[in-house]
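Residues per chain are reported as follows:
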Amino acid sequence: MEEEVKNITPDERQEYVINMGPQHPSTHGVLRLVVSLKGEIVKNIEPHIGYIHRGIEKMCESITYPQIIHLTDRMDYLSAHINNEAVCLNVEKALEVDIPDRIKVIRTIMSELTRIQSHQLWWASFGMDLGGLTCFFYGLRDREKILDIFEETCGGRMLVSYNCPGGVMYDIHPNFQKRVKDFIKYFRKILPEYDQLLSGNVIFHERSKGIGKLSLEDAISYGVTGPTGRASGFSCDVRKHEPYSAYDRITFKEILHTEGDTYSRYIARIDEMWESMNIIEQLIDNIPEGPFAVKMKPIIKLPEGEYYQRVETARGELGVYIISDGNKNPYRVKFRSPNFVNLSVFNHIVKGFKIADLVAIGGSLDLVIPDIDR
Amino acid sequence: MRSIINYLKEIILGVWSLLKGMKVTGSYFFRPSTIVTQKYPSNRKDLVMFDRFKGEVVMPHNEKNEHKCTGCGICELNCPNGTIEVISKTIISEDGKKKRAIDKHIYRLGMCTFCALCVKTCPSNALAFSQKFEHAVFNRALLIKTLNKPGSQLMKGVE
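Structural notes, computed from the coordinates.

Cut-offs used in this document
- Residues numbered from 1 in each chain as written.
- Chains lettered and ligands numbered in written order.
- Predicted model: local features only at pLDDT ≥ 70, side-chain atom pairs only at ≥ 80, totals over all residues.
- Heavy atoms only, no water.
- Helix = DSSP H or I, 4+ residues; strand = E, 2+ residues; numbered from the N terminus.
- Buried < 20%, exposed > 50% of the residue type's maximum accessible area, 1.4 Å probe, protein only.
- Contact = heavy atoms within 4.5 Å.
- Areas by Shrake-Rupley, 256 points an atom, 1.4 Å probe, with all protein chains shown as cover.
- Salt bridge = Lys/Arg side-chain N within 4 Å of Asp/Glu carboxyl O.
- Buried area = accessible area lost by both parts, 1.4 Å probe.
- Polar contact = N/O pair within 3.5 Å; in protein donor to acceptor, adjacent residues only side chain to side chain.
- Pairing = 2+ DSSP bridges.
- Axes fitted to C-alpha atoms, helices over the stretch in contact; angles between N-to-C directions.
- Parallel < 35°, antiparallel > 145°, perpendicular 65-115°, else oblique.
- Nonpolar A, V, L, I, M, F, W, Y, C, P; charged D, E, K, R; others polar.
- 1 Å grid on protein atoms, 1.4 Å probe; cavity = no way out; pocket = protein on both sides within 12 Å on 5 of 7 lines; lining within 4 Å.
- Points joined across faces, edges and corners; volume = space filled by probe spheres on them.
- Core = buried A, V, L, I, M, F, W, Y, C linked by side-chain atoms within 4.5 Å.
- Expected span 1.5 Å × (residues − 1).

Notes on the overall build of chain A
Now for step 1: The secondary structure content of chain A amounts to 17 helices and eight strands.
Now for step 2: Its C-alpha atoms give chain A principal-axis dimensions of roughly 70 × 50 × 35 Å.
Now for step 3: Residues counted as buried form 58% of the 374 residues belonging to chain A.
Now for step 4: Across chain A, contacts joining residues at least 24 apart in sequence account for 69% of those joining residues at least 6 apart.
Now for step 5: Of the roughly 15,000 Å² of accessible surface on chain A, a fraction of 54% belongs to carbon and sulfur atoms.

Okay, here's the thing in structure tokens:
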């Protein structure tokens, strides 16, 4: 630290350095930002991560493949189901297991429900970051309906642990289809309310339009994926480009916007909720009959080699890279988490904006800190 | 002149957008049927959790104080974080053979991550999840539980 102080140039001496986080309500977790200010203008931010590092990748090396699943729940806890799916798909790909259609459809419906509930929580907290406390209550009220569906079928609300290599843990609950249909009917009526509350609000427009512009070139060179990347026009939807599970049998459109500012990132996520509901409606009535899990060996051993599988979580592209040496434990596991990459672009887009915009831009990136630290 | 009109237009549109949002929140004020808040501690009596809710691991016993656990230790092997410890003993059964049985099935609730692998992989379905979710205690030692009841035996017909 002392060296850093000595090397400050006279120009930098004008800057006022403040510490935001790790305990700050608008960083949505334990992210610490060292913010250099000149007056009210943000000059530079330096994210400090590692406050919730649990060493999940290292822990994976000492446990078996079915046991990895419950750890991936705790990375990006808002898209827990999709994280589970990524590991399962990778293990199944390595073992060359044929997965019945029923499992694929169940997984896809669950993934899309996860995506909706994640975006609902994001909408709720984003509204709260910008000063609209009502959004928080409304978002969480509707999210509760999806969590009830999860609780009835999976037994868990957020950390579902519903997937296992070869299928899912339990068959879907008899009430599942009815509940999901009820939810979609309900949410199609509620989602326009979100627009009336926040999307059309003049204060919200002033605070989000033209703020934190991310160009297409930067989005590609930083590797920003998910709704954040697609708001800049970067076509990066893994569901579309490399379909997994049941995404190849349904029609949906990839949400693309070109502005790349905070507002278009907001609209991209709202549109994704509509699109996710379309996907669920196509699948919910024709879940094929069949087993809910393929019989796997009690001790799963992957053949020697390297395996990679990517999926689209609510925040972007999650990659799972497994190196196996033929034992029941993986030799090395690496997660390419979308949040870590999306955080790297934060400093680039926040420069030159006011300190209040820092909260808006950070909220629109939708960072989940446990996924950054793992 | 035009700038003044635009200025006024902006104000009116701004107020209109605020009123639109107020209309949504205001309409809920007159629709008490849409309230979803549960009065939690006072509704505890008629609060029913879903059947599959993962509250804590239990070992169901029948009325004769018999359980299905054979002490094979598969749950212990499958547990990712050492929550379960099966302490087994050797007993001599009625026909004079040596047999393995459980002495204590120790379950550390404080370490459990509710991944359901123990319940799922048990070959004799001896474990289950209960719907109890109020786990707070004042002493951490109370979270270490012995699942088999004192004096319990293996159910007949379970191998």
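Quick word on the pattern of salt bridges
Residue and element names in this part refer to chain A.
Now for step 1: Across all of its chains, the model carries 29 salt bridges over all chains by this definition.
Now for step 2: Note that R315 and D76 form a salt bridge whose closest N and O atoms lie 3.0 Å from each other. Of this pair, R315 sits in the loop between strand 6 (305-313) and strand 7 (316-324) while D76 sits in the loop between helix 4 (65-73) and helix 5 (80-95), and the two are 239 residues apart along the sequence.
Now for step 3: The class of D76 is buried, set by a relative accessible area of 1%.
Now for step 4: Salt-bridge contacts for E275 lead to K253; the nearest nitrogen and oxygen are separated by 3.6 Å. Of this pair, E275 sits in helix 13 (residues 262-284) while K253 sits in the loop between helix 12 (238-241) and helix 13, placing them 22 residues apart in sequence.
Now for step 5: The class for E275 is buried, based on a relative accessible area of 9%.
Now for step 6: A single salt-bridge network, built from bridges that share partners, covers E112, R115, R230, D237, R239, E272 and E312.

Some details on the interface of chain B and chain A
One widely used convention gives an interface's size as the accessible area the parts lose upon coming together.
Now for step 1: Listed per partner, the contact involves 26 residues of chain B and 32 residues of chain A.
Now for step 2: Between chain B and chain A, a total of about 2,400 Å² is buried, with carbon and sulfur atoms accounting for 58% of that surface.
Now for step 3: The interface formed by chain B and chain A contains zero salt bridges.
Now for step 4: Scanning the region where chain B abuts chain A turns up 12 residue pairs in polar contact (both at pLDDT 80 or more).
Now for step 5: Elements with a contribution of two residues or more to the side of chain B that touches chain A: helix 1 (2-29), helix 2 (74-78) and helix 3 (117-121) of chain B.

Some remarks on the sheet that holds strand 6 (residues 144-146) of chain B
Residues and elements named next belong to chain B.
Now for step 1: The antiparallel open sheet is built from three strands, whose spatial order is 3-4-6. This sheet does not close on itself; its edge strands, each paired only once, are strand 3 (84-92) and strand 6. Ignoring strand direction, the axes of neighbouring strands in this sheet form an average angle of 25 degrees.
Now for step 2: The pairing of strand 3 with strand 4 (residues 98-108) spans nine bridges and is classified as antiparallel. Paired with I87 across the strands is K104, a residue of strand 4.

Remarks on the sheet that holds strand 8 (residues 332-336) of chain A
All names here are of chain A.
Now for step 1: On the basis of which strands lie adjacent, the open sheet formed by three strands has the order 6-7-8 and antiparallel pairing. The outermost strands of the open sheet, each flanked by one partner alone, are strand 6 and strand 8. The average undirected angle you get between the axes of adjacent strands in this sheet is 15 degrees.
Now for step 2: One ladder, built from nine bridges, connects strand 6 with strand 7; its direction is antiparallel. Bridge pairing in strand 7 places T313 opposite G316.
Now for step 3: On the sheet, helix 5 packs against strand 6, strand 7 and strand 8 and is oriented at approximately 150 degrees with respect to strand 6.

Structural notes on the packing of helix 6 (residues 101-129) of chain A against helix 16 (residues 355-365) of chain A
Each pair of packed helices can be summarised by the angle the axes make with each other and by the distance between the axes.
All names here are of chain A.
Now for step 1: Contact geometry for helix 6 and helix 16: axes closest at 9 Å, N-to-C directions at 180 degrees. Compared by their axis directions, helix 6 and helix 16 come out roughly antiparallel. On helix 16, the residues that touch W122, F126 and D129 of helix 6 are V359, A360, G363 and S364.
Now for step 2: Of the residues that constitute the contact of helix 6 with helix 16, the class distribution is four nonpolar, two polar and one charged.

What about empty space enclosed by the protein?
Residues and elements named next belong to chain A.
Now for step 1: One pass over the full model with this rule turns up five cavities of 30 Å³ or more.
Now for step 2: A volume near 110 Å³ is recorded for the largest cavity.
Now for step 3: Lining the largest cavity are 14 residues, with S26, T27, G362, G363 and L367 sitting closest to its centre.
Now for step 4: When residues of the lining of the largest cavity are assigned to their parent elements, the largest contribution, four residues, is made by helix 16.
Now for step 5: For the lining of the largest cavity, the class distribution of residues is eight nonpolar, five polar and one charged.

Regarding the side chain of S324 of chain A
Residue and element names in this part refer to chain A.
Now for step 1: Examined against the element boundaries, S324 turns out to sit in strand 7.
Now for step 2: The exposure class assigned to S324 is buried, which follows from its relative accessible area of 3%.
Now for step 3: At a separation of 3.0 Å, a polar atom in the side chain of S324 contacts the main-chain carbonyl oxygen of L302.
Now for step 4: Residues contacting S324, with those up to four places away along its chain left out, are Y65, L302, P303, E304, G305, Y307 and Y331.

Structural notes on the nonpolar core
Residues and elements named next belong to chain A.
Now for step 1: Counting residues in each nonpolar core, the largest one holds 99 residues, and the members touching the most others are I109, L113, W123, Y162, F176, F187 and Y266.
Now for step 2: Beyond its immediate sequence surroundings of up to four residues, F176 is in contact with I109, M110, L113, I149, T153 and I284.
Now for step 3: M20, V224, V359 and L367 belong to the second-largest nonpolar core, a separate cluster that totals 27 residues.

Structural notes on the side chain of E112 of chain A
Residue and element names in this part refer to chain A.
Now for step 1: Among the secondary structure elements, E112 is positioned in helix 6.
Now for step 2: By relative accessible area, which is 0% here, E112 ends up buried.
Now for step 3: Beyond its immediate stretch of four places on either side in the chain, E112 contacts R239, Y247, S276, I279 and I280.

Comments concerning helix 6 of chain A
All names here are of chain A.
Now for step 1: Spanning 29 residues, helix 6 covers 42 Å between terminal C-alpha atoms, matching the ideal 42 Å at 1.5 Å per step.
Now for step 2: Of all 29 residues in helix 6, 26 are buried, a share of seventy percent or more.
Now for step 3: Trailing helix 6 by a residue or two, G131 shows a phi angle of about 100 degrees, which is positive.

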